[in-house]
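# Descriptive analysis of the structure
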Amino acid sequence: MPELPDVEVFRKYVDRTALHQTIESVEVFAPDILGEVTPKQLQSKTKGHQFMSTDRHGKYLFTRLSNDGWLVFHFGMTGYFHYFKDSKQTPKHTRALFNFDNGHHLAFVLQRKLGSISATQEMDTFVKEQGLGLDALDDNLHPEAFKKALKEAKSSIKSALMDQERIAGIGNIYSDEILFQARLDPKTRANQLSNEDVDRLFEAMKEVLETAIDSEADPEKMPETYLLPHREKGGKCPVCHGEIETTKISGRSAYFCPNCQS
DNA sequence: ACATTGACCTGAGAGC
DNA sequence: TGCTCTCAGGTCAATG
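Now for a look at the structure at hand. (Residues numbered from 1 in each chain as written. Chains lettered and ligands numbered in written order. Predicted model: local features only at pLDDT ≥ 70, side-chain atom pairs only at ≥ 80, totals over all residues. Heavy atoms only, no water.)

## Points about the overall build of chain A
What counts is decided by this rule: Under the DSSP-based scheme used, a helix requires at least four consecutive residues in state H or I and a strand at least two consecutive residues in state E, with every element numbered from the N terminus. For the radius of gyration, the atom set is restricted to C-alpha positions; the globular benchmark scales as 2.2 Å times the number of residues to the power 0.38. With a 1.4 Å probe rolled over the protein chains alone, any residue whose accessible area is under 20% of its type maximum counts as buried; one over 50% counts as exposed, and the rest are partly exposed. The contact definition used throughout considers only heavy atoms, calling two residues in contact when any of these lie within 4.5 Å. Reported accessibility uses the Shrake-Rupley method at a 1.4 Å probe radius. Residues are deemed covered only where the shown protein chains occlude them. Positive charges are assigned to Lys and Arg, negative charges to Asp and Glu, while His and the chain termini are left out of the count. Lysine's charge is taken at NZ, arginine's at CZ, aspartate's at CG and glutamate's at CD.
The number of helices and strands found in chain A is 7 helices and 12 strands. Taken over the C-alpha trace, chain A has a radius of gyration of 20 Å; the compact-globule value for 262 residues is 18 Å, and the two agree within 12%. Counting only C-alpha atoms and orienting by the principal axes, one finds that chain A spans roughly 55 × 35 × 30 Å. Going through the 262 residues of chain A one by one, you find that 51% of them count as buried. Put simply, 62% of the contacts in chain A that link residues at least 6 apart link residues at least 24 apart. By element, 46% of the accessible surface of chain A is carried by carbon and sulfur atoms, the whole surface being about 12,300 Å². Charged side chains in chain A number 33 positive and 39 negative. The centres of these two groups are separated by 5 Å.

As structure tokens, this is what we get:
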């Protein structure tokens, strides 16, 4: 799930459920998912304090604490949040659990333990340390900056889009959708794209990510002309009705329409 | 220096 | 039913 649109949906979920409630305790069931912070430090940073607001950069979700600093959540390939009251509702694979004094809980759930929780004083510091590029939906990401970030890459355009140091937030699923909407072959070398191609790609990126967020990152709610609902073995292209093909690019599975994307 | 591959972790689903 | 194999929306270290 968790690429930029999914994480944005999680962010809004936290905003409408878990803000402004005093944290009584944090239970960490899988200490190995903590980065640069011990369970004890996490406890002392949060106990008696509240989540005041949220922010996001790429695939990272930040929650600001009422004392100071931020917690940083990364969802790996399988992560999500679940807010609930009845303890019987605790999801399987809950790796950390925030308990609020109003009797509610926020579970950080990861099936595969590829996500993490860390802490930082300033978001900017964290972003810099991780070497992340501008967020794909950042207003400061101008077409010229986008062009520069991508055209320097010798890799395929799909890999370049997924490179978090170039632009942050795009992963395997949405790179396929963006390239489909821009009608570009995912295997094309990034540095061989024409200026026109890159302009079209930029527009497609914004459009796809915003549409996905509006659709709550649910393929069922996306436009019929999107690849996502058809991104499966034997799927048919929603535009030309030809067969969707799959291939490996940098070790990831790419889905594309050979007829529309060339 | 750069891009690509393998390792990490835990299932879910397919095929036999 | 139970076993094995492949695959999964992420990133990092090792490799070429």
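## Remarks on the pattern of salt bridges
A side chain with one charge can pair with a side chain of the opposite charge if their charged atoms come near. Applicable threshold: What counts as a salt bridge is simple: a side-chain nitrogen of Lys or Arg found within 4 Å of a carboxyl oxygen of Asp or Glu.
Within the structure shown, the criterion is met by 16 salt bridges. Between Arg 200 and Asp 197 there is a salt bridge, with its nearest N and O atoms 3.4 Å apart. Here Asp 197 and Arg 200 lie together in helix H7 (residues 195-214), a separation of 3 residues that amounts to about one turn. By relative accessible area, which is 17% here, Asp 197 ends up buried. The partner of Glu 216 in a salt bridge is Lys 221, with the nearest N and O atoms 3.2 Å apart. Relative accessible area serves as the criterion here: at 47%, Lys 221 is assigned to the partly exposed category. Residues joined by salt bridges that share partners form a network here, namely Glu 8, Arg 11, Asp 15, Arg 56 and Asp 135.

## Points about the protein's contact with DNA strand B
Condition: For this description, a residue counts as near a given molecule or strand if any of its non-hydrogen atoms is within 4 Å of it. Any pair of N or O atoms that falls within 3.5 Å is considered a polar contact. Within protein, one atom must be able to donate a hydrogen and the other to accept it, and sequence-neighbouring residues count only if both atoms are side-chain atoms. When residue character is reported, Ala, Val, Leu, Ile, Met, Phe, Trp, Tyr, Cys and Pro are called nonpolar, Asp, Glu, Lys and Arg charged, and the others, Gly included, polar.
Neighbouring residues of DNA strand B: 14 residues in total, closest His 93, Gln 111, Arg 112, Lys 113 and Lys 154. Close to the protein, within 4 Å, the atoms of DNA strand B belong to sugar or phosphate groups at a rate of 67%. Contact distances for DNA strand B include 3.2 Å between a base oxygen and a side-chain N or O atom of Gln 111. Between DNA strand B and the protein, one listed contact pairs a phosphate oxygen with a side-chain N or O atom of Ser 250 at 3.4 Å. A per-class count over the surface near DNA strand B returns 2 nonpolar, 6 polar and 6 charged.

## Thoughts on the environment of Ala 30
In this structure, Ala 30 sits in the loop between strand E1 (23-28) and helix H2 (39-46). On the accessibility criterion, Ala 30 (3% relative accessible area) is buried. In this structure Ala 30 touches Arg 95 and Lys 113, once residues within four positions along its chain are discounted.

## Examining the sheet that holds strand E3 (residues 60-65)
Across a sheet, paired strands are connected by hydrogen bonds in the backbone, their directions being either parallel or antiparallel. Heads up, the condition is: Pairing between two strands requires that DSSP report at least two bridges joining them. Interaxial angle, 0 to 180 degrees, is taken between N-to-C directions of lines fitted to C-alpha atoms, where a helix line uses only the stretch in contact.
Taken in spatial order, the 4 strands make up an open sheet running E2-E3-E4-E8, and their pairing is antiparallel. Here the strands that pair on one side only, and so sit at the sheet edges, are strand E2 (51-57) and strand E8 (116-120). Put simply, the sheet's adjacent strands are angled 25° from each other on average, direction ignored. Bridge count for E2 against E3 is 6 bridges, and the pairing is antiparallel. Residue pairing for E3: Ser 53 is matched across the bridge by Arg 64.

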